Amino acid sequence: MHELSIASAIVAIAERHAAGRRVTAVEVSVGHLRQVVPDSLAFAFELVAEGTVIEGAELVLHEVPAAGRCRACATDGPLTAFPLHCAACGSLDVEVIRGEELLVDSLELEEEEMAHGC
Ligand SMILES: [Zn+2]
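First things first, this report covers the structure right here in the doc. (Residues numbered from 1 in each chain as written. Predicted model: local features only at pLDDT ≥ 70, side-chain atom pairs only at ≥ 80, totals over all residues. Heavy atoms only, no water.)

**Concerning the packing of helix 1 (residues 2-18) against helix 2 (residues 38-49)**
(1) Moving on: Contact geometry of helix 1 with helix 2 gives a least axis separation of 8 Å together with a crossing angle of 55°. On the basis of their axis angle, the class for helix 1 and helix 2 is oblique. In this structure, the crossing between helix 1 and helix 2 has a hand that is right-handed. From helix 1, E3, L4, I6, A7, S8, I10 and V11 reach across to helix 2, where they touch S40, L41, A44, F45, V48 and A49. (Axes fitted to C-alpha atoms, helices over the stretch in contact; angles between N-to-C directions. Helix = DSSP H or I, 4+ residues; strand = E, 2+ residues; numbered from the N terminus. Parallel < 35°, antiparallel > 145°, perpendicular 65-115°, else oblique. Left-handed = near helix turned anticlockwise from the far one by under 90°. Contact = heavy atoms within 4.5 Å.)

If you want it as structure tokens, here you go:
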């Protein structure tokens, strides 16, 4: 399951930054191109977090829209459909500039807040 490996990565990052403190919420930015199903990710996250300091924490997902730069016409634009193509000229020769991220934005800890975990 695709979401399970993403959830594992999120929990690993959160655990490292929590350094033993209890985590109440984890905010994550996920690029659209990762094609994450939010419900599946929340479920996987719960599974992976079990028995760690992240257990019971809320997973807050921010989806990052995909964007690319066309190598044919040099237009920057949104990438909304597969196969990824330039919205201006239809070329498939696009460089992805956004939409592949998987970032832990912040952790909410039981005692104090820590912004920008990474
Ligand atoms: Zn183009």
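**Some remarks on the sheet that holds strand 4 (residues 76-78)**
What links the strands of a sheet is backbone hydrogen bonding, and the strands pair in either a parallel or an antiparallel sense.
(1) Moving on: Spatially, the three strands line up as an open sheet ordered 4-3-5, and their pairing is antiparallel. Strands with a single pairing partner mark the edges of an open sheet, and in this sheet they are strand 4 and strand 5 (94-98). Averaged over neighbouring strand pairs, the angle between their axes works out to 35° when direction is ignored.
(2) Moving on: Bridge analysis of strand 3 (residues 67-70) against strand 5 gives four bridges, and the strand direction is antiparallel. Its bridge partner lying in strand 5, C70 is registered against V94. (Pairing = 2+ DSSP bridges.)

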